[in-house]
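The lines below spell out each chain.
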Amino acid sequence: MAIMQSTVLVVDDDPHIRDLLTFALQKAGLATREAADGEAALADIALCRPSLVVLDINMPRMDGIEVCRRIRAQGDLPVLFLSSRDDEIDRILGMELGADDYVTKPFSPREVVARVAAILRRIARNPAPPTPGQFAFGGLGLDADGWRATWRNIEVPLTVTEFSIVRTLADAPRRVFTRDAIIDRVHGPGFAMTDRTIDSHVRNLRAKFAMVGGADVIETRPGIGYQLGPCLGARGAREA
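Residues numbered from 1 in each chain as written. Predicted model: local features only at pLDDT ≥ 70, side-chain atom pairs only at ≥ 80, totals over all residues. Heavy atoms only, no water.

In the nomenclature of an unreviewed UniProt entry, the protein chain is known as Response regulator transcription factor of Brevundimonas fontaquae.

A.B. asks: Tell me about the overall build of the protein chain, and name the residues and values.
C.D. replies: For the protein chain, the count of helices and strands is eight helices and 12 strands. Across the protein chain, contacts joining residues at least 24 apart in sequence account for 57% of those joining residues at least 6 apart. (Helix = DSSP H or I, 4+ residues; strand = E, 2+ residues; numbered from the N terminus. Contact = heavy atoms within 4.5 Å.)

A.B. asks: Give a description of the confidence of the model for the protein chain that names residues and reports values.
C.D. replies: Looking at the protein chain, the pLDDT average stands at 84 and 85% of residues meet or exceed 70. The element-level mean pLDDT for the protein chain is lowest in helix α4 (residues 89-92), coming to 58, with strand β1 (residues 7-11) highest at 96. (pLDDT = per-residue confidence, 0-100.)

A.B. asks: Could you give an account of the packing of aromatic side chains, with specific residues and numbers?
C.D. replies: In this structure the tally under the stated criterion is one aromatic pair. Sitting above the plane of the Trp 147 ring, Arg 167 keeps its charged end 5.9 Å from the centroid. (Phe/Tyr/Trp six-rings, centres within 6.5 Å; stacked < 30°, edge-to-face > 60°. Lys NZ or Arg CZ within 6 Å of the ring centre and 35° of its normal.)

A.B. asks: Which residues make up the pairing of strand β2 (residues 31-35), and what values go with them?
C.D. replies: As paired elements, β1 and β2 share five bridges and run parallel to each other. In the strand pairing of β2, Val 11 is matched with Ala 35. Viewed along the sheet, the connection from β1 through helix α1 (residues 15-27) into β2 turns out right-handed. (Pairing = 2+ DSSP bridges. Right-handed = clockwise from strand over helix to strand, strands pointing away.)

A.B. asks: Account for unusual backbone geometry, naming residues and giving values.
C.D. replies: The step from Lys 105 to Pro 106 runs through a cis peptide bond, and the omega angle for that step is -5 degrees. Of note, Pro 106 is situated in the loop between β5 (101-104) and α5 (109-125). One non-glycine residue with positive phi stands out, namely Arg 49, at about 50 degrees. Along the chain, Arg 49 falls in the loop between α2 (38-48) and β3 (52-56). Residue Arg 61 is not a glycine yet carries a positive backbone phi of 70 degrees.

A.B. asks: Any details on the nonpolar core? Residues and values, ideally.
C.D. replies: In globular proteins that are soluble, nonpolar side chains generally tend to be buried together. Leu 140, Leu 142, Leu 158, Ile 182, Ile 198 and Phe 209 are the most contacted members of the largest nonpolar core, which has 29 residues in total. Only β7 (140-143), β8 (148-151), α6 (160-171), α7 (179-187), α8 (195-210) and β12 (225-228) provide two or more residues apiece to this core. Broken down by element, this core gets its largest block of residues, five residues, from α6. In this structure Leu 140 touches Phe 135, Thr 150, Trp 151, Val 166, Phe 209, Val 217, Leu 228 and Cys 231, once residues within four positions along its chain are discounted. (Core = buried A, V, L, I, M, F, W, Y, C linked by side-chain atoms within 4.5 Å. Buried < 20%, exposed > 50% of the residue type's maximum accessible area, 1.4 Å probe, protein only.)

A.B. asks: Run through the sheet that holds strand β6 (residues 134-137), naming residues and quoting values.
C.D. replies: Spatial ordering of the open sheet is given by β6-β7-β8-β9, a layout of four strands whose pairing is antiparallel. At either margin of the open sheet sits one strand with a lone partner, and together these are β6 and β9 (154-155). Two strands pair when backbone bridges link them, and β7 and β8 are joined in this way by four bridges, in the antiparallel orientation. Within the sheet, the bridge partner assigned to Asp 143 lies in β8 and is Arg 148. Running at roughly 110 degrees to β7, α6 makes contact with β6, β7 and β8 of the sheet. (Axes fitted to C-alpha atoms, helices over the stretch in contact; angles between N-to-C directions.)

A.B. asks: Give a description of the sheet that holds strand β10 (residues 177-178) that names residues and reports values.
C.D. replies: The sheet built from three strands is open, its strands ordered β10-β12-β11 with antiparallel pairing. Looking along the sheet, the strands with just one partner apiece sit at the ends: β10 and β11 (218-221). Where β10 lies against β12, two bridges are found, and the strand directions are antiparallel. For Thr 178, the partnering residue across the bridge sits in β12 and is Gly 225. Helix-sheet contacts for α6 involve β10, β11 and β12, and the interaxial angle to β12 is about 70 degrees.

A.B. asks: Give a detailed account of the packing of α2 against helix α3 (residues 64-74), specifying residues and quantitative values.
C.D. replies: At a minimum axis separation of 9 Å, α2 and α3 run at an interaxial angle of 20 degrees. As the angle between them shows, α2 and α3 are arranged roughly parallel. Considering how the two elements wind past one another, α2 and α3 form a crossing that is right-handed. When α2 is examined against α3, the residues Gly 38, Leu 42 and Ile 45 are found in contact with a partner set consisting of Val 67, Arg 70 and Ile 71. Partitioned by chemical class, the residues of the contact of α2 with α3 number four nonpolar, one polar and one charged. (Parallel < 35°, antiparallel > 145°, perpendicular 65-115°, else oblique. Left-handed = near helix turned anticlockwise from the far one by under 90°. Nonpolar A, V, L, I, M, F, W, Y, C, P; charged D, E, K, R; others polar.)

A.B. asks: Can you lay out the pattern of salt bridges for me, pointing to particular residues and giving the numbers?
C.D. replies: All chains considered together, the criterion is met by 13 salt bridges. Of the charged contacts in the structure, one is a salt bridge between Arg 61 and Glu 39, with a shortest N-O distance of 2.6 Å. Highlighted residues: Arg 61 in the loop between β3 and α3 and Glu 39 in helix α2, separated in sequence by 22 residues. Judged by its relative accessible area of 40%, Glu 39 falls in the partly exposed class. A salt bridge links Glu 66 to Arg 69; the shortest N-O distance between them is 3.4 Å. (Salt bridge = Lys/Arg side-chain N within 4 Å of Asp/Glu carboxyl O.)

Right, here's the structure in full:
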């Protein structure tokens, strides 16, 4: 999927914000669609299948959290959240939601466009991994070509960012990755992302794998970062 062939659905109840973002995205060469509430967004997703959704959290009738839950129940469509409070990050990136990224209000339209483009580039290039496309270690299975993760043959639905993180760790199972190294691998050098955001994604990953018995997929190395865990299951779990 080439970035310039991508369609971004902008969902916000504020028409000024929708106009601002659609103008900036179109100026960057992206096609756009708009929805003023959650119900309209879900209908548009079912009808037109956009490449990515920019989704406001605080909307009447159906908020962005519920919209994202329903999106995740259907698949792994990338979601970038617009949040009015920085302290909502953990909820945004938590187990129930699994957003790919977020931007807090007030925001720069240029930043939103940059983050949208980064997610779309990551999907589009789908680079060949340095290890074989099929990876198996303990109970963990990864299919790099199909962007699928499994635990003992049970599929674990991951977002693009979550899959990229666990695949990064799996590419070098003995290496301890700093948070900065993970950001560089997942988003590219120089991408602006906080350590807290990576920690939220890791908590999300752990929770998803724990639900099917894989509580030890990722290990924390205090003061350093993260490493692929022993992948033995609940009995082998070691989480700092």
